[in-house]
Amino acid sequence: MAKRDLITPQDFTVEEIDHLFTLADDIRKDRSRYAHACAGKKMATCFFEPSTRTRLSHETAMLNLGGSVMGFPDGGVTSATKGETVADTARVISCFADIMVIRHPREGAAMVAAHYASIPVINAGDGGHQHPTQTLTDLYTIRTLQGHLDNFTIGLCGDLKFGRTVHSLINALVRYPNVHFIFISPPELRVPDYITEMLNDMGIPYEEHIRLEDAISRLDILYMTRIQKERFFNEDDYVRLKNFYILDAEKMKMAKESCYVLHPLPRVNEIATEVDDDPRAAYFRQVQFGVYMRMALVLTLLNIHVPTEQ
Ligand code: CP
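Residues numbered from 1 in each chain as written. Predicted model: local features only at pLDDT ≥ 70, side-chain atom pairs only at ≥ 80, totals over all residues. Heavy atoms only, no water.

Engineer: Outline the site of the ligand, listing residues and values.
Structural biologist: Close to the ligand lie S51, T52, R53, T54, R103, H131, Q134, P264 and L265. In the model, an oxygen atom of the ligand is placed 2.6 Å from a nitrogen or oxygen of the S51 side chain. Within the contact set of the ligand, a nitrogen atom lies 3.0 Å away from a side-chain nitrogen or oxygen of Q134. In isolation the ligand offers 250 Å² of accessible surface; the protein chains occlude 91% of this area. The site holding the ligand turns out to be the second largest pocket. The two domains that each donate at least three residues to the shell around the ligand are domain 1 (9–130 + 291–301) and domain 2 (133–287). (Near = heavy atom within 4 Å. Polar contact = N/O pair within 3.5 Å; in protein donor to acceptor, adjacent residues only side chain to side chain. Areas by Shrake-Rupley, 256 points an atom, 1.4 Å probe, with all protein chains shown as cover. 1 Å grid on protein atoms, 1.4 Å probe; cavity = no way out; pocket = protein on both sides within 12 Å on 5 of 7 lines; lining within 4 Å. Sits in = over half its atoms within 2 Å of the grid points. Domains from an automatic or database assignment.)

Written as structure tokens, this is what we have:
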């Protein structure tokens, strides 16, 4: 059987994603049945960019499945500093591990790794391009909280230009019926033209706003994002835009009782900590859902089946 990778959310069909989420639900119900499913298997987490959640969530997923983990949190301690290519690194990691998770600042790096690796490769973020496991986490969170992935209005707020989680999520949600997009950003951080062109071509409705107050009352999901300092070329621009949006208790009064707030995290100032106690604040639950989803993903890519309970 050909190996499978996850480089973009489109690598899985809607039906396969549904199957993945059903498996994540089953894991969530009874984790103990999966505790030894990956015994003897090794995961390599190869992170050339900083991360807290994505690396540790994958490692937690593998440990929960009874497997082992190895890897590096910083490309600066690897032979990449001596000039080793991503292609060669992927070939080498294939000699050590059964599955590889890679984050790299260069767009397309995970695709190159997948091409040269003989083991399944998971893209944990490649530059400003894609972050598919965050997207699957976001979809799984929305599905779990709302009960469905169709017929809703989502507001994406903050850095819509550089935010790879946003680009990935939009690309994934266009495959579900009747999802209405509201983009909320400063003019400098508008969603890229290729995304609005795609929505136009597909006949999918969207709106663009600068003020969160102009849209928040109509949202079923509010997806907040950080203004990403590391993607700016100019410090002055970052300083000018970093506090453009601050979601606080006052603004939450304008939101529906059923509007969930998601955030891929880390947050900086864009959600005041007073919002954390609001039952609609779902961003820490989102982190937990990400572990179950990644457990399901690892099992799927390694083609490991745990018998269902009789
Ligand atoms: N959401 C996310 O990608 O977080 P980390 O950068 O901490 O992995």
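Engineer: Can you explain the layout of surface pockets? Please cite residues and give values.
Structural biologist: In this approach a probe as big as a water molecule rolls over the atoms, and the regions it shows empty are the leftover space. Within this model, the largest pocket holds a volume of roughly 520 Å³. In this structure, the largest pocket is lined by 24 residues; those nearest its centre are H19, L299, T300, I304 and H305. For the lining of the largest pocket, the secondary-structure elements that each account for two or more residues are α1 (14–29) and α10 (283–301). Among the elements that take part in the lining of the largest pocket, α1 stands out by supplying six residues, more than any other. (Points joined across faces, edges and corners; volume = space filled by probe spheres on them. Helix = DSSP H or I, 4+ residues; strand = E, 2+ residues; numbered from the N terminus.)

Engineer: Describe the sheet that holds strand β4 (residues 121–126), and please don't skip the residues or the numbers.
Structural biologist: A sheet is described by the order of its strands in space; here four strands give the open sequence β2-β1-β3-β4, paired in parallel fashion. Both edges of this open sheet fall to β2 (68–72) and β4, since each of them pairs with a single strand only. Sheet twist, expressed as the mean angle between neighbouring strand axes with direction ignored, is 15 degrees. (Pairing = 2+ DSSP bridges. Axes fitted to C-alpha atoms, helices over the stretch in contact; angles between N-to-C directions.)

Engineer: Describe the packing of aromatic side chains, naming the residues involved and giving the relevant values.
Structural biologist: Throughout the structure, instances matching the rule amount to seven aromatic pairs. On the basis of an interplanar angle of 25 degrees and a centroid distance of 6.0 Å, the ring pair of F181 and F183 is categorised as stacked. Residue F181 is classed as buried on the basis of its relative accessible area, which comes to 0%. For F183, a relative accessible area of 1% gives the class buried. (Phe/Tyr/Trp six-rings, centres within 6.5 Å; stacked < 30°, edge-to-face > 60°. Buried < 20%, exposed > 50% of the residue type's maximum accessible area, 1.4 Å probe, protein only.)

Engineer: Tell me about empty space enclosed by the protein, and please be specific about residues and values.
Structural biologist: Inspection of the entire model under this criterion finds one cavity of 30 Å³ or more. Approximately 70 Å³ is the volume attributed to the largest cavity. Secondary-structure elements contributing two or more residues to the lining of the largest cavity are α2 (53–64), α5 (132–146) and α10. The element best represented in the lining of the largest cavity is α10, accounting for five residues.

Engineer: A description of the sheet that holds strand β8 (residues 221–224) should follow, citing residues and the corresponding values.
Structural biologist: Ordered by their spatial adjacency, five strands build an open sheet running β7-β6-β5-β8-β9, and the pairing between neighbours is parallel. Every interior strand has two partners, whereas the edge strands, β7 (206–209) and β9 (260–262), have only one. Going across the sheet, the axis of each strand differs from the next one's by a mean of 20 degrees, ignoring polarity. Relative to strand β6 (residues 179–184), strand β5 (residues 152–157) is paired through six bridges, and the arrangement is parallel. In the sheet register, L156 faces β6, and the bridge partner there is F183. Together, β6 and β7 form the strand contacts of helix α7 (residues 193–202), whose direction differs from that of β7 by roughly 150 degrees. (Contact = heavy atoms within 4.5 Å.)

Engineer: Before we move on, can you summarise unusual backbone geometry with the specific residues and values?
Structural biologist: Of the consecutive residues L265 and P266, the connecting peptide bond is found in the cis state with omega at 5 degrees. Along the chain, the position of P266 falls in the loop between β9 and α10. Unlike most non-glycine residues, N151 shows phi in positive territory, near 55 degrees. With respect to the element layout, N151 can be found in the loop between α5 and β5. What makes N151 partly exposed here is its relative accessible area of 45%.

Engineer: Please provide a residue-by-residue account of the environment of F21, values included.
Structural biologist: As for its placement among the helices and strands, F21 is situated in helix α1. Relative accessible area serves as the criterion here: at 0%, F21 is assigned to the buried category. Between the alpha carbons of F21 and I221 there is a distance of 19 Å; along the sequence they are 200 residues apart. The contact partners of F21, leaving out residues within four places of it in the chain, are L136, L139, Y140, R143, L149 and M293.

Engineer: Run through the pairing of strand β1 (residues 42–47), naming residues and quoting values.
Structural biologist: Within β1, five of the six residues are buried, which leaves the element mostly enclosed by the surrounding structure. As judged from the five bridges shared by β1 and β2, these two strands associate in the parallel manner. Note on β2: the bridge partner recorded for A44 is M70. Pairing geometry for β1 and strand β3 (residues 99–104), over five bridges, is parallel. Across the sheet, C46 pairs through a bridge with I102, a residue of β3.

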